[in-house]
Amino acid sequence: MSISLRQLQVFVTVAQEKTITAASSLLFLSKPAVSMALSELENQIGHKLFERVNNRLIINEHGKRLLPLADELLTRSQEITKVLDNTGTLTGSLRIGASDTIGNKLIPFLLRDFRSTYQHNEQSLYISNSQSIIDQLLAFELDVGFIEGQGESKHHQVNSELLMMPWLSDEMCIACAIDHPLREKEKLTLFDLENQTWIVRETGSGTREHFLSRIAPRLEQWSIAFELRNTEAIINCAAAGLGLAYLSRLTARHVVANSHLIELPLDLRRQYWLVHHKDKHLSPLLESFIRYSSDWQLDE
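Residues numbered from 1 in each chain as written. Predicted model: local features only at pLDDT ≥ 70, side-chain atom pairs only at ≥ 80, totals over all residues. Heavy atoms only, no water.

- The name recorded for the chain in an unreviewed UniProt entry is DNA-binding transcriptional regulator, LysR family, from Enterovibrio nigricans DSM 22720.
- Turning to the chain, the UniProt annotation filed under Sequence similarities (unreviewed entry) states: "Belongs to the LysR transcriptional regulatory family." (UniProt positions renumbered as here; feature names shortened; annotations may be inferred.)

Now the structure itself:
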């Protein structure tokens, strides 16, 4: 059996993109060339790696078992090309994913400090909701992720396939328009939050998950005014008096300072998580980044 790196690269790309057309575009290969490489790989190992569903290729159990090994071999092949580089500097690239609040408020400063310390600048950053980051880590599309929640679905898969390490924590807050009736409250109680309308993030967001697990179950009557993917839109809707916003204090502090919103007094905290796939090969670069991130703190 002679499996080539090109075959493994085709397999990993098809697994991530789910169609021959998308994979061929990324690999700069023709569709017949991608199909042939995939077929040769399946013939060599004696197993189909995908289920054909309409025009999509859905990775099966054999493919899922091969995926972390293929990802590791491709990563190691990149390391081999650098083996004679004896400068002691870190080489390679990092694919980092972060949920909205973390990606916008913390990761830019983490990357600034990491780059300054290690003189390594080859990182890409993908910002989305927590569930999207989890899904991409499971598919080996990201090397490491920073999330606000543990996902609203697939808990068994997350617990069995991902390593989740407590990272920083954040205070949450409830914010309202400057002329909202609740602005006069010196001490807020859950009773004051009854019969209020809320502006929340979309399904899959860590902020939404935290609201639904910490606030919503303790209220008898509440409703959602808007579900929005954009935090700035949530802030603007709350400032316009369209409902209460549930936000990270990191996100809210500037608009509160500028008197666009009023922060209501309620003590709430949530945990952030540093996450990677348990079968992900920890290259010297990835290992150094995880270790550095674990010890990092934002300078206020």
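Having put the structure on the table, let's press on.
**Overview of the overall build of the chain**
Part 1: Helix and strand counts for the chain stand at 12 helices and 10 strands.
Part 2: Considering only C-alpha atoms, the chain reaches an extent of 75 × 50 × 30 Å along its principal axes.
Part 3: Of all 300 residues assigned to the chain, the portion counted as buried reaches 48%.
Part 4: With the model as given, the accessible surface of the chain reaches about 15,400 Å², and the carbon-plus-sulfur share is 51%.
Part 5: When the 30 positive and 37 negative side-chain charges of the chain are each reduced to one mean point, those points stand 3 Å apart. (Helix = DSSP H or I, 4+ residues; strand = E, 2+ residues; numbered from the N terminus. Buried < 20%, exposed > 50% of the residue type's maximum accessible area, 1.4 Å probe, protein only. Areas by Shrake-Rupley, 256 points an atom, 1.4 Å probe, with all protein chains shown as cover. Lys, Arg positive; Asp, Glu negative; His and termini not counted. Charge placed at Lys NZ, Arg CZ, Asp CG, Glu CD.)

**Re the nonpolar core**
Part 1: In this structure, Ile102, Leu106, Ile107, Leu110, Phe146, Trp167 and Phe289 are the most contacted members of the largest nonpolar core, which totals 24 residues.
Part 2: Looking at this core element by element, the count peaks at 5 residues for helix α12 (residues 284-295).
Part 3: For Trp167, the contacting residues outside a window of four places in its chain are Ile102, Leu106, Ile107, Leu110, Phe146, Gln271, Tyr272, Trp273, Leu274, Ser293, Ser294 and Trp296.
Part 4: If you look at the next biggest cluster of nonpolar residues, it comprises 21 residues, including Val14, Ile20, Val34 and Leu41. (Core = buried A, V, L, I, M, F, W, Y, C linked by side-chain atoms within 4.5 Å. Contact = heavy atoms within 4.5 Å.)

**With respect to the sheet that holds strand β5 (residues 144-147)**
Two orientations exist for strands paired in a sheet by backbone hydrogen bonds: parallel and antiparallel.
Part 1: With mixed pairing, 8 strands are arranged side by side in an open sheet as β4-β3-β5-β10-β6-β9-β7-β8. Edge positions in the sheet fall to β4 (123-128) and β8 (222-228), since each has one partner strand and no second. Mean inter-strand twist for the sheet, computed between neighbouring axes without regard to direction, equals 25 degrees.
Part 2: With 2 bridges connecting them, strand β7 (residues 196-201) and strand β9 (residues 244-248) associate as parallel partners. By the bridge assignment for β9, Trp198 is matched with Leu244.
Part 3: The sheet strands contacting helix α10 (residues 231-239) are β6 (162-176), β7, β8 and β9, and the helix crosses β7 at an angle near 165 degrees. (Pairing = 2+ DSSP bridges. Axes fitted to C-alpha atoms, helices over the stretch in contact; angles between N-to-C directions.)

**Here's the deal with the pattern of salt bridges**
Part 1: For the structure shown, the criterion picks out 19 salt bridges.
Part 2: Here Glu42 makes a salt bridge to Arg52, at a shortest N to O gap of 3.5 Å. In this pair, Glu42 sits in helix α3 (residues 31-45) while Arg52 sits in strand β1 (residues 50-53), placing the two residues 10 residues apart along the sequence.
Part 3: On the accessibility criterion, Arg52 (44% relative accessible area) is partly exposed.
Part 4: Of the charged contacts, one joins Glu202 and Arg201 as a salt bridge, the two residues approaching to 2.9 Å between their closest N and O atoms.
Part 5: Among the residues examined, Glu202 registers a relative accessible area of 8% and is labelled buried.
Part 6: Several salt bridges share partner residues, and in doing so they unite Asp71, Arg95, Asp143 and Lys280 into one network. (Salt bridge = Lys/Arg side-chain N within 4 Å of Asp/Glu carboxyl O.)

**With respect to the state of the cysteines**
Part 1: In the structure shown here, the tally under the stated rule is 0 disulfides.
Part 2: Considering cysteine sulfurs only, Cys176 is the nearest to Cys237, which forms no disulfide, with 14 Å between them.
Part 3: Exposure remark for Cys237: the relative accessible area of 16% places this residue in the buried category. (Disulfide = S-S within 2.5 Å.)

**Overview of helix α1 (residues 5-17)**
Part 1: Between its first and last C-alpha atoms α1 spans 18 Å; for 13 residues at 1.5 Å apiece the expected length is 18 Å, and the two agree.
Part 2: Looking only at α1, the buried set comprises Gln7, Leu8, Val10, Phe11, Val12, Thr13, Val14, Ala15 and Gln16.
Part 3: Close packing links the buried residues of α1 with α2 (20-27), α3, β1, β2 (56-59), α4 (61-80) and β3 (94-99).
Part 4: Taken from the residues just after α1, Lys18 is the one with a positive phi, measuring 75 degrees. (Expected span 1.5 Å × (residues − 1).)

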